Amino acid sequence: MRIVVNDIAASAGGALTVLESFFRYVRESDTENEWVFLLGSDLLEETDRIRTVVLPEVKGSWSRRLAFDLVSGRRLIRSLKPDVVFSLQNTHTYGVRCPQVVYVHQPLPFQQAKNFSLWRRDERYMAVYQHIIGSMIKQSVRRADHVIVQTRWMRAAILNQVGIAKDRVEAILPDLEDLSAYKYQGDLDAGAFFYPTASNIYKNNDCIYEACRLLRQQGLDDFMVTMTLDGPAAGPNVEFIGRVPREQVLESLSRSTLVFPSYIETYGLPLAEARALGAVVLAADLPYAREVLDGYDNAYFFDPASPALLAELMSKVIAGSIVRIPNGGDAGAPHRPPQTPAWASVVEILEHSAQPKEGD
């Protein structure tokens, strides 16, 4: 069976993580199928069963990617004669004469925590993605033969907002590798907080800055929030360390209290990692965080629009009234039975989608 994987958009961040994770599974575990990856740059190494087609010109702008999805892409994909097309970039390609499966990991069009405005300059980019590109993603969901998402809340949101049959949408929780080597066994610093973040407005970094200011007003200053941002720190109790290797992120999660005020996440990988490491987590009270942290005793939730509530939780950590419970009431991050890895379930769906339907 020949499977074409379309992920021209992936270049960094979560999208690249998803692509690399899927590629590793295919390379190491699948021996039955032939794979062709459509990419925007030379990211993957070919094997005897895996080849790549690099299309940097398509990745150059949204207009070119739109033209590919609507017009030119069908010709290229048809020429590859796939049995099924798997899009890892939230959208399908029009005019392809074979089944298409779309992996939707962009939550912005489906979340309801934040409505971005086209009229505000600082929100305009996110508003375009939420309302304009989001409508394209929803249209792709309607047209796809099958849709795969990472979480139950995303599946429920798609079913509610797009209105497709339940059996066309599958929630498959991402796998999390064994992180036991990163668990910290020493005494924890109650004043150490950590937020692996970015500069995107939905990451809600201002909530942390304001919470720190409120704590200082209360006379608390023996604490530090470390954030993976560049530039000068935003306050005397904030440290920016820039982008760091994942190993350093895991070490920080293990030794610190995770603060996670983000408005918008599909899954929130740092939440799952902190859970696996047994860390205390202060998380936005939103569906994605509630799902990943369900049943975890070291999780505490706050309204992400209220820095005062975050400051209250942080003060309890600093004072020692919130402490780490060993294992947090469970053995680690939630997962499916180990005999069915996430990407194995995805490949099963691809193979099933490629089978002729009764009456075809």
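One can find the structure itself at the top, above this paragraph.
Here is what the cut-offs are and how they apply
- Residues numbered from 1 in each chain as written.
- Predicted model: local features only at pLDDT ≥ 70, side-chain atom pairs only at ≥ 80, totals over all residues.
- Heavy atoms only, no water.
- Helix = DSSP H or I, 4+ residues; strand = E, 2+ residues; numbered from the N terminus.
- Rg over C-alpha atoms; globule rule 2.2 N^0.38 Å.
- Buried < 20%, exposed > 50% of the residue type's maximum accessible area, 1.4 Å probe, protein only.
- Contact = heavy atoms within 4.5 Å.
- Areas by Shrake-Rupley, 256 points an atom, 1.4 Å probe, with all protein chains shown as cover.
- Lys, Arg positive; Asp, Glu negative; His and termini not counted.
- Charge placed at Lys NZ, Arg CZ, Asp CG, Glu CD.
- Polar contact = N/O pair within 3.5 Å; in protein donor to acceptor, adjacent residues only side chain to side chain.
- Core = buried A, V, L, I, M, F, W, Y, C linked by side-chain atoms within 4.5 Å.
- Patch = residues over 30% accessible without salt bridge, like charges linked within 9 Å, V, L, I, M, F, W, Y side chains within 5 Å.
- Salt bridge = Lys/Arg side-chain N within 4 Å of Asp/Glu carboxyl O.
- Phe/Tyr/Trp six-rings, centres within 6.5 Å; stacked < 30°, edge-to-face > 60°.
- Expected span 1.5 Å × (residues − 1).
- Axes fitted to C-alpha atoms, helices over the stretch in contact; angles between N-to-C directions.
- Parallel < 35°, antiparallel > 145°, perpendicular 65-115°, else oblique.
- Nonpolar A, V, L, I, M, F, W, Y, C, P; charged D, E, K, R; others polar.

Novice: Could you give an account of the overall build of the protein, with specific residues and numbers?
Specialist: Within the protein, the regular secondary structure consists of 11 helices and 13 strands. Over its C-alpha atoms the protein spans a radius of gyration of 22 Å, differing by no more than 12% from the 21 Å that the globule rule assigns to 360 residues. Dimensions of the protein along its principal axes, counting C-alpha atoms only, are 70 × 50 × 35 Å. For the protein, the proportion of its 360 residues judged to be buried stands at 52%. Long-range pairs, those at least 24 residues apart, make up 58% of the contacts in the protein between residues at least 6 apart in sequence. Carbon and sulfur atoms provide 48% of the accessible area of the protein, an area that totals close to 16,900 Å². Looking at the protein, you have 37 positive and 44 negative side-chain charges, and the mean spots of the two groups are 8 Å apart.

Novice: Give a detailed account of the environment of S41, specifying residues and quantitative values.
Specialist: By the element assignment, S41 lies in the loop between β2 (34-39) and β3 (50-54). The spacing of S41 and G60 is 19 residues in sequence and 10 Å in space, taken between C-alpha atoms. The contacts of S41, once residues within four sequence positions are left out, are V54 and K59.

Novice: Pulling in residues and values, what's your account of the side chain of N298?
Specialist: Position of N298 among the secondary structure elements: in the loop between α9 (287-292) and β13 (299-302). At a separation of 2.8 Å, a polar atom in the side chain of N298 contacts the main-chain amide nitrogen of I325.

Novice: An account of the environment of R243 is needed here, citing residue identities and associated values.
Specialist: With respect to the element layout, R243 can be found in the loop between β10 (238-240) and α7 (246-255). Once the C-alpha coordinates of R243 and L277 are considered, the two residues, 34 residues apart in sequence, prove to be 21 Å apart. Beyond its immediate sequence surroundings of up to four residues, R243 is in contact with T228 and D230.

Novice: Can you explain the nonpolar core? Please cite residues and give values.
Specialist: Judged by nonpolar contacts, the single largest core of 74 residues is most densely connected at L271 and L282. If near-sequence neighbours (up to four positions away) are discounted, L271 is found in contact with L258, F260, V281, A283, Y288, A289, V292 and L293. Membership of the second largest hydrophobic core comes to 30 residues, among which are W35, L44, W343 and V346.

Novice: Summarise a nonpolar patch on the surface; cite the residues concerned and give the values.
Specialist: On the surface, L66, L70 and V71 cluster together into a nonpolar patch covering about 200 Å² of accessible area. Take L70: it is sitting in helix α3 (residues 62-79).

Novice: Can you lay out the packing of aromatic side chains for me, pointing to particular residues and giving the numbers?
Specialist: Where two aromatic rings form a pair, the distance of their centres and the angle of their planes describe that pair. Taken as a whole and assessed by the stated rule, the structure comprises 13 aromatic pairs. A centroid spacing of 6.4 Å and a plane angle of 45 degrees characterise the contact between Y209 and F240, whose relative ring orientation is tilted. Of the two residues, Y209 sits in helix α6 (residues 205-217) while F240 sits in strand β10, which places them 31 residues apart along the sequence. For the pair F260 and Y288, a centre-to-centre distance of 6.3 Å together with 65 degrees between the ring planes defines the contact as edge-to-face. Of this pair, F260 sits in strand β11 (residues 257-260) while Y288 sits in helix α9, and the two are 28 residues apart along the sequence. Given a relative accessible area of 1%, F260 falls into the buried group.

Novice: Just give me the short version of α6, but keep the residues and values in it.
Specialist: With 13 residues, α6 should reach 18 Å at 1.5 Å per residue; the first-to-last C-alpha distance of 19 Å fits that figure. Every buried residue of α6 is accounted for by N205, C207, I208, A211, C212, L214 and L215. One or two steps after α6, the chain reaches G219, where phi turns positive at roughly 90 degrees.

Novice: Pulling in residues and values, what's your account of the packing of helix α4 (residues 124-143) against helix α5 (residues 152-162)?
Specialist: Two numbers describe how α4 lies on α5: the axes approach to 11 Å, and their chain directions differ by 90 degrees. Overall, the two elements α4 and α5 adopt an arrangement that is roughly perpendicular. Judged by residue contacts, K138, V141 and R142 of α4 engage I158, Q161 and V162 from α5. Class assignment for the residues of the contact of α4 with α5 results in 3 nonpolar, 1 polar and 2 charged.

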